[in-house]
Amino acid sequence: QVRLVESGGGLVQPGGSLRLSCATSGRTFSSYTMGWFRQAPGKEREFVAATIWSGENTFYADSVKGRFTISRDNAKESILLQMNAQKPEDTAVYCCAAAPPGQSGRYFYEYTYWGQGTQVTVSS
């Protein structure tokens, strides 16, 4: 059974940092694009960042570029999202997802596997 399990969410003050982790199991995601999406209350699901599992290509939404960093831990078969200089508008449920090869990685409908999500709240 394929599973993606997020962890690391919580409450952080504006300007603070959090690191999210997405643990994968059930299959090998080599060559898959691994992405992070977020959804705030009353808003549509939004692309945050993505990386090709076996490559060096990473890309970000303009709203997080320069503040967030996506990376992978091959030994633990997990994807990380380091979030710095956080803003209240970063508040959302963050989900990791996996898309098969050949997808752009920017659109939620390209992704086959999804985690349940972890809540991130940025507030003073």
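Relevant structure appears above.
Let us look at the structure shown here. (Residues numbered from 1 in each chain as written. Predicted model: local features only at pLDDT ≥ 70, side-chain atom pairs only at ≥ 80, totals over all residues. Heavy atoms only, no water.)

Bringing the overall build of the protein chain into the picture now. Across its full length, the protein chain carries 0 helices and 11 strands. The order of α-helices and β-strands along the protein chain, N terminus first, is β-β-β-β-β-β-β-β-β-β-β. A globule of 124 residues ought to have a C-alpha radius of gyration of about 14 Å, and the protein chain, at 13 Å, matches this closely. Along the first, second and third principal axes, the C-alpha set of the protein chain runs to 40 × 25 × 25 Å. Buried residues in the protein chain amount to 43% of all 124 residues. Summarising the internal contacts of the protein chain: among those between residues at least 6 apart in sequence, 56% fall at separations of at least 24. Taken as a whole, the protein chain presents about 6,400 Å² of accessible surface, with 46% of it coming from carbon and sulfur. (Helix = DSSP H or I, 4+ residues; strand = E, 2+ residues; numbered from the N terminus. Rg over C-alpha atoms; globule rule 2.2 N^0.38 Å. Buried < 20%, exposed > 50% of the residue type's maximum accessible area, 1.4 Å probe, protein only. Contact = heavy atoms within 4.5 Å. Areas by Shrake-Rupley, 256 points an atom, 1.4 Å probe, with all protein chains shown as cover.)

Spatially, the 4 strands line up as an open sheet ordered β1-β3-β8-β7, and their pairing is antiparallel. A single partner strand is all that each edge strand has here, and the edge strands are β1 (3-7) and β7 (68-73). Going from strand to strand, the sheet's axes swing by 15° on average, the running direction of each strand aside. Sheet topology note: the β7/strand β8 (residues 78-83) ladder contains 6 bridges and is antiparallel. Opposite I70, over in β8, you have L81 as the bridge partner. (Pairing = 2+ DSSP bridges. Axes fitted to C-alpha atoms, helices over the stretch in contact; angles between N-to-C directions.)

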